[in-house]
Amino acid sequence: MSPVIQPKVTLVGAGPGDPELITLKAVLALNKADVVLYDALIDPVLLDHAPKTSLKIFVGKRVGKHSHPQEDTNQFCVSLAKKHGHVVRLKGGDPFVFGRGSEEIEYIEAFGIATELIPGITSAIAVPASAGIPVTRRGVSESFWVVTGTTSAGELSKDLELAAQSTATVVVLMGTRKLTEISKIYRKFGKADLPIAIIQSGTTRDEKITAGYIGDIEQKAEENKVEAPAIIIIGDVVRESLKLAEVYREAVSLAGSK
């Protein structure tokens, strides 16, 4: 007699990029997967945690290159869970931080399929930390905002206008294509001298950091050929990074010599 299939979908946050930054609970879920649906930002080595007999299906997307629309991925989760059993939906970062995780769970549960969420280490905090940038620091920044650079309408979040007027650290996800717009907003509020860093492929071997000020970051990003995936960190905490100390020492020296 064939075993009874018990459909289940587990949404798993894979963390910011470094495969060693996935949680133990996430690894244990992968160990029990019948199917793994994984995104573009997933390090392939993570798939080794799943059984060799499990199906591994890429459902990711890159900027401007959609492999599977979100609706198709939702349907995959349902149909594959019914056919095979335990589906692990492996997503970069944390599924509930601009990861559409709650939408996926809502869709799947509408079909009577059990779901589980395993949070991941969000890149909004881990990527700056890996570059030595604290999103908060006593006497420097008392809070931080995490803002999307690409809303469902493809636009920069209007919340950035409010964030730019505060003293908070601002982390912008999915915002590399909106750098000119972001800089313009900060300059409008007289903050051309505010430190900013762009971290491409954070926590991975391909990590590349571009740092400067609102006033010169567009030029630096162009010179360094910054591309997605990247995270933008804006605020005085950026200069607290020992890794970036030389950047800001040079800027002070140049200003003093004028």
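Structure: see above.
Summarised in this report is the structure supplied together with it.

### Focus on the sheet that holds strand S3 (residues 55–58)
Right, so step 1: Spatially, S3-S2-S6-S1-S7 is the arrangement adopted by the five strands of the open sheet, whose pairing is parallel. Pairing within the sheet leaves two strands with one partner each, and these edge strands are S3 and strand S7 (114–118). Recorded for the sheet is a direction-independent mean angle of 20 degrees between the axes of neighbouring strands.
Right, so step 2: Here five bridges tie strand S1 (residues 8–13) to S7, and the two strands are oriented parallel to one another. Across the sheet, residue Leu-11 finds its bridge partner in S7, namely Leu-117.

### Focus: the packing of helix H2 (residues 70–84) against helix H3 (residues 101–109)
Right, so step 1: Running from N to C, H2 and H3 cross one another at 45 degrees; their axes reach a closest spacing of 10 Å. Classed by the angle they form, the pair H2 and H3 counts as oblique. Taken as a pair, H2 and H3 cross one another with a handedness that is right-handed. Of the residues in H3, those in contact with Gln-70, Asn-74, Gln-75, Cys-77 and Val-78 of H2 are Glu-104, Tyr-107 and Ile-108.
Right, so step 2: In the contact of H2 with H3, the residues fall into four nonpolar, three polar and one charged.

### Some words on helix H4 (residues 123–130)
Right, so step 1: Here H4 has its buried residues at Ser-123, Ala-124, Ala-126, Val-127 and Pro-128.
Right, so step 2: At the N-terminal boundary of H4, the capping side chain belongs to Thr-122, with an oxygen 3.2 Å from the backbone nitrogen of Ala-124.
Right, so step 3: Of the residues one or two after H4, Gly-132 is the one with positive phi, at around 80 degrees.

### Some points on the packing of aromatic side chains
Right, so step 1: What the rule picks out here adds up to three aromatic pairs.
Right, so step 2: Both rings, one in Tyr-107 and one in Phe-111, keep their centres 5.2 Å apart while their planes meet at 45 degrees; by these two values the pair is tilted.
Right, so step 3: When the ring of Tyr-213 is compared with that of Tyr-248, the centres are 5.3 Å apart and the planes differ by 85 degrees; the resulting orientation is edge-to-face. Taken together, the residues span a long stretch of sequence, with Tyr-213 in strand S11 (residues 208–213) and Tyr-248 in helix H8 (residues 245–256) at a distance of 35 residues. We note that Tyr-213, like Tyr-248, is buried.

### Overview of the nonpolar core
Right, so step 1: Core analysis: the largest hydrophobic core is formed by 21 residues, its most contacted members being Leu-160, Val-170, Ile-182, Tyr-186, Ile-198, Ile-232 and Ile-234.
Right, so step 2: Mapped onto this core, the elements with two or more residues apiece are helix H5 (159–164), strand S9 (169–173), helix H6 (179–188), strand S10 (195–200), helix H7 (217–223) and strand S12 (230–234).
Right, so step 3: Of all the elements, H6 adds the most residues to this core, at four residues.
Right, so step 4: If we ignore the near neighbours within four places in the chain, the residues touching Tyr-186 are Leu-160, Ala-163, Ala-164, Val-170, Lys-191, Leu-194, Ile-214 and Ile-234.

### Section: the side chain of Gln-200
Right, so step 1: Here Gln-200 lies in strand S10.
Right, so step 2: Those residues in contact with Gln-200 that sit more than four places away from it in its chain are Asp-206, Glu-207, Lys-208, Lys-225, Val-226, Glu-227, Pro-229 and Ala-230.

### Quick word on empty space enclosed by the protein
Right, so step 1: Here the structure, examined in full by the defined rule, presents one cavity of 30 Å³ or more.
Right, so step 2: Taken as a whole, the largest cavity spans an internal volume of roughly 30 Å³.
Right, so step 3: Lining the largest cavity are Ala-14, Gly-15, Pro-16, Gly-17, Asp-18, Leu-41, Ile-42, Asp-43, Leu-46 and Gly-92.
Right, so step 4: A per-class count over the lining of the largest cavity returns five nonpolar, three polar and two charged.

### Considering the environment of Leu-55
Right, so step 1: Along the polypeptide, Leu-55 turns up in strand S3.
Right, so step 2: We classify Leu-55 as partly exposed; its relative accessible area is 35%.
Right, so step 3: Put simply, Leu-55 and Tyr-248 are 193 residues apart on the chain and 49 Å apart in space, counted from C-alpha to C-alpha.
Right, so step 4: With residues up to four places along the chain from it excluded, the contact list for Leu-55 reads Asp-34, Val-35, Val-36 and His-84.

Calculation rules
Residues numbered from 1 in each chain as written. Predicted model: local features only at pLDDT ≥ 70, side-chain atom pairs only at ≥ 80, totals over all residues. Heavy atoms only, no water. Pairing = 2+ DSSP bridges. Helix = DSSP H or I, 4+ residues; strand = E, 2+ residues; numbered from the N terminus. Axes fitted to C-alpha atoms, helices over the stretch in contact; angles between N-to-C directions. Parallel < 35°, antiparallel > 145°, perpendicular 65-115°, else oblique. Left-handed = near helix turned anticlockwise from the far one by under 90°. Contact = heavy atoms within 4.5 Å. Nonpolar A, V, L, I, M, F, W, Y, C, P; charged D, E, K, R; others polar. Buried < 20%, exposed > 50% of the residue type's maximum accessible area, 1.4 Å probe, protein only. Polar contact = N/O pair within 3.5 Å; in protein donor to acceptor, adjacent residues only side chain to side chain. Phe/Tyr/Trp six-rings, centres within 6.5 Å; stacked < 30°, edge-to-face > 60°. Core = buried A, V, L, I, M, F, W, Y, C linked by side-chain atoms within 4.5 Å. 1 Å grid on protein atoms, 1.4 Å probe; cavity = no way out; pocket = protein on both sides within 12 Å on 5 of 7 lines; lining within 4 Å. Points joined across faces, edges and corners; volume = space filled by probe spheres on them.

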